[in-house]
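Architecture and fold: a report
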Amino acid sequence: MKKILITRKLLRSNEDRAKNIWDVKLNLNDELYSQEKLIELSKGCDGVLSALTDKLDKDTINKLPDSVKILSNFAVGFGNIDLEAARKKGIIVTNTPDVLTDATAEIGVLLILGACRRASEGIEGAKASNWKWSADYLIGKQLTGTRLGILGMGRIGQKIAKVAKSLGMVIHYHNRSKLTPDKDQGAIYHENLNDLLSVSDVLSICCPASKETENLINKKALEHLPAGAVVTNIARGDIVDDEALIDALNRRKVYAVGLDVYKGEPNLNPGYLKHKSAFILPHLGSATKETRTAMANLAIDNIEEFFKIGKCKNKVN
Ligand code: GLV
C-alpha cells in the first residue's frame, strides 16, 4: 500500500477517501509545517499531497527522500514548487485545473465590484452606524461601459470576461497567444502588455505566477494605466510590486485596489491599510465547499492515476 503525506487538513469526505486508498499521514491540527518538518514527515512516503502554503523550493525538494515520486499540489497554481528541481529529482508535480474556475472567477468579479463600488468603506460605515445618506455618499465607479483589461486569458480570465461582459464592461486582454473567437468573449486582444494597460480602466490580473511574471505589475507598468484606474488581483501576490502599487494609490494614479492575493500572505503590507477603499480578501478564490471538495478529489485522482499508469494528465513539469 502506498504511503502518502497530506500536508494540510482537507475536508472530511476527502480525508476519508484518501484513508480508504492509502496509508495516509494526515495533519490533524492543520499546522503549517516548516520545510524541515515536511522533509522529516515525508520519510517513507511515496507521494506528498501539498498545498500552496508549502514552500517546496529547490533546497527542500533536494532533501526529500528518494521514495517520494509525486507532489500533487492542491491548487491550480504551482508557484510554491520549484518545478525544475522536482523534474531533476525525478518527481512529477501535478495541479488541479478546471475545477476551481467558476469559484475563483466569482471572487475575481467580487474584487472588481468591491473595489469599484467602495464596498470596504461601505461595510465599515454600515457596521459603525455612522453613515448618512447623501447624493454624493460613497460615489464609486460604474462598470457599465468601463474598460476591463484582463491579464492572462486562461479559464479563469475567460469566465471573468463572460460575467463582466454581461455587466456591460468592454473587455480587452493580453495573453501569450490570441484566443479563438469561441473562447475570447468578443474581447479585444493586445499582443503587448503596455498596450493592454493603457486601456485598462479596471485591470484584472489572472495570469499564473512564474519567474517571468514576478513583479510584472511594477512601477513602470503601472504608469501605463489610465489615471484613476482600478487594479485587481485574483492570481498570485508575487505578480505585483506592492510598494509600487501603494505608491500609485498614494498618488491617486490608482483609484482603488481589489486583492484576493498579496505578497507574504497572511501579512498584508501596512501601506494598504491607510487606503479605506482597498478591498482586500484573504485568498478566498477557491473557497467553496463544492470547489474545495472537487480540488482535493482531483489531487487524490492525480496520485492514483500516476501510481496506476506511471503518468498523469495534470502533470505540470
Ligand atoms: C488557488 O489559489 C489555487 O491556485 O488553486
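Conventions we followed
- Residues numbered from 1 in each chain as written.
- Predicted model: local features only at pLDDT ≥ 70, side-chain atom pairs only at ≥ 80, totals over all residues.
- Heavy atoms only, no water.
- Near = heavy atom within 4 Å.
- Polar contact = N/O pair within 3.5 Å; in protein donor to acceptor, adjacent residues only side chain to side chain.
- Areas by Shrake-Rupley, 256 points an atom, 1.4 Å probe, with all protein chains shown as cover.
- Nonpolar A, V, L, I, M, F, W, Y, C, P; charged D, E, K, R; others polar.
- Patch = residues over 30% accessible without salt bridge, like charges linked within 9 Å, V, L, I, M, F, W, Y side chains within 5 Å.
- Salt bridge = Lys/Arg side-chain N within 4 Å of Asp/Glu carboxyl O.
- Helix = DSSP H or I, 4+ residues; strand = E, 2+ residues; numbered from the N terminus.
- Buried < 20%, exposed > 50% of the residue type's maximum accessible area, 1.4 Å probe, protein only.
- Domains from an automatic or database assignment.
- Contact = heavy atoms within 4.5 Å.
- Buried area = accessible area lost by both parts, 1.4 Å probe.
- Axes fitted to C-alpha atoms, helices over the stretch in contact; angles between N-to-C directions.
- Parallel < 35°, antiparallel > 145°, perpendicular 65-115°, else oblique.
- Left-handed = near helix turned anticlockwise from the far one by under 90°.
- Pairing = 2+ DSSP bridges.
- Right-handed = clockwise from strand over helix to strand, strands pointing away.

1. Brief notes about the site of the ligand
Surveying the vicinity of the ligand reveals the residues Leu52, Ala75, Val76, Gly77, Leu100, Arg236, His283 and Met295. One nitrogen or oxygen atom from the main chain of Val76 is found 2.8 Å from an oxygen atom belonging to the ligand. Here an oxygen atom of the ligand and a side-chain polar atom of Arg236 are 2.6 Å apart. Protein coverage of the free-state accessible area of the ligand, which is 190 Å², stands at 90%. Of the residues contributing to the shell around the ligand, the split by class is five nonpolar, two polar and one charged.

2. What about a nonpolar patch on the surface?
A cluster of nonpolar residues, Trp131, Trp133 and Tyr137, forms a patch on the protein surface that exposes about 400 Å² of accessible area. Tracing the chain through its elements places Trp131 in the loop between α6 (119-128) and β6 (147-151). Using a relative accessible area of 44% as the deciding quantity, one classes Trp131 as partly exposed.

3. Here we look at the domain arrangement of the protein
Domain parsing of the protein yields domain 1 (3-99 + 288-309) and domain 2 (101-280). Using C-alpha coordinates to define each centre, domain 1 is positioned 31 Å away from domain 2. Taken residue by residue, the interface counts nine residues in domain 1 and five residues in domain 2. Both sides of the domain 1 and domain 2 interface together cover about 590 Å² of buried area, and 48% of this is carbon and sulfur. Ranking the residues of domain 1 by area buried against domain 2 places Leu52, Gly79 and Asp98 at the top, with a combined share of 46%. At the boundary of domain 1 with domain 2, the tally comes to one salt bridge. On the surface where domain 1 and domain 2 come into contact, there are two residue pairs in polar contact (both at pLDDT 80 or more). Taken together, the residues of the side of domain 1 that touches domain 2 sort by class into four nonpolar, four polar and one charged.

4. What to know about the packing of helix α1 (residues 12-21) against helix α11 (residues 289-309)
Between α1 and α11, the least distance of the axes is 9 Å, while the angle of their chain directions is 15°. One element, α1, and the other, α11, form an angle in the roughly parallel class. Considering the relative orientation of α1 and α11, their crossing is right-handed. Residue-level inspection shows Ser13, Asn14, Arg17, Ala18 and Ile21 of α1 in contact with α11, the latter providing Arg292, Thr293, Ala296, Asn297, Ile300, Asp301 and Glu304. Each residue belonging to the contact of α1 with α11 can be placed in one class, and the counts come to four nonpolar, four polar and four charged.

5. Things to note about the pairing of strand β10 (residues 229-233)
In the case of a regular strand, side chains alternate between the two sheet surfaces. Burial runs high along β10: five of the five residues are buried. Taking every second residue as pointing to the same face, both faces of β10 are buried, with Ala229, Val231 and Asn233 on one and Val230 and Thr232 on the other. With four bridges connecting them, strand β9 (residues 202-205) and β10 associate as parallel partners. Directly across from Val202, in β10, lies its bridge partner Val230. The parallel pair β10 and strand β11 (residues 254-259) is bridged by helix α10 (residues 242-250), and the resulting crossover is right-handed.

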